[in-house]
Amino acid sequence: MNNIKYYNDSLAYDFEMFMPKTAETEKRDNIVVMPKTAERSKKRTRAAAKSLSAPVTLIMAAVFILAGLCGNIALRLKINEVNSEINDVKAAITELDSEKTGLEVEMQRRISYANLELEATQLGMRKMEKSNVTYIRVNDKDKAVKADGSVVTAE
């Protein structure tokens, strides 16, 4: 279409836009027509259907169904085995947790303050008193004399 005439005339008088299109104007060069593949595929399926007889098809279908069922049963057996192993491990974990709790209670019982005090009194120990403390006074000298007579200095 020529756009220059739209600038010179009014669009109300352009009836070419409303005219029916001819076959030549509707045909485009950039459209590629694909070959008819549907007919080829139908011919192939007909040939394949004719080559296999009905009993052979039924037997093959039965074999595939039976194989699927056997596979399903085998997978379910494996799942049951794994679930039983998981349950055994969970039971062992529960048992070990209860044993751990028992051992912690026993340890707390043995190291409690009352038990320590009782054991100390049985061994002849007593609480510290002021009379038990011995103070050493050093007059401007950093040395001490041990019970065996040896002298210990700060150096």
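Residues numbered from 1 in each chain as written. Predicted model: local features only at pLDDT ≥ 70, side-chain atom pairs only at ≥ 80, totals over all residues. Heavy atoms only, no water.

Caption draft 1: Focus on the overall build of the protein chain. Helix and strand content of the protein chain: five helices and two strands. Put simply, the protein chain runs from its N terminus to its C terminus through helices and strands in the order α-α-α-α-α-β-β. By residue count, 1% of the 155 residues in the protein chain fall in the buried class. Accessible surface, the protein chain as shown: approximately 15800 Å² in total, 60% of it carbon and sulfur. (Helix = DSSP H or I, 4+ residues; strand = E, 2+ residues; numbered from the N terminus. Buried < 20%, exposed > 50% of the residue type's maximum accessible area, 1.4 Å probe, protein only. Areas by Shrake-Rupley, 256 points an atom, 1.4 Å probe, with all protein chains shown as cover.)

Caption draft 2: Region of the structure containing the pattern of salt bridges. A complete count under the given rule lists two salt bridges for this structure. Notably, a salt bridge pairs arginine 109 with glutamate 106, separated by 2.4 Å at the nearest N-O pair. Here arginine 109 and its partner glutamate 106 are both found in helix H4 (residues 54-110), three residues apart, which amounts to about one turn of the helix. For arginine 109, a relative accessible area of 46% gives the class partly exposed. A salt bridge links glutamate 106 to arginine 110; its shortest N-O distance comes to 3.0 Å. Taken together, the residues glutamate 106 and arginine 110, both in helix H4 and four residues apart, mark about one turn of the helix. (Salt bridge = Lys/Arg side-chain N within 4 Å of Asp/Glu carboxyl O.)

Caption draft 3: Focus on the confidence of the model for the protein chain. With 70% of its residues at a pLDDT of 70 or more, the protein chain shows a mean pLDDT of 79. The spread of mean pLDDT over the elements of the protein chain runs between helix H1 (residues 4-8), the lowest at 57, and H4, the highest at 93. (pLDDT = per-residue confidence, 0-100.)

Caption draft 4: Main features of a nonpolar patch on the surface. On the surface, Val56, Met60 and Phe64 cluster together to form a nonpolar patch covering roughly 300 Å² of accessible area. Inspection of the secondary structure assignment puts methionine 60 in helix H4. Since its relative accessible area comes to 40%, methionine 60 is described here as partly exposed. (Patch = residues over 30% accessible without salt bridge, like charges linked within 9 Å, V, L, I, M, F, W, Y side chains within 5 Å.)

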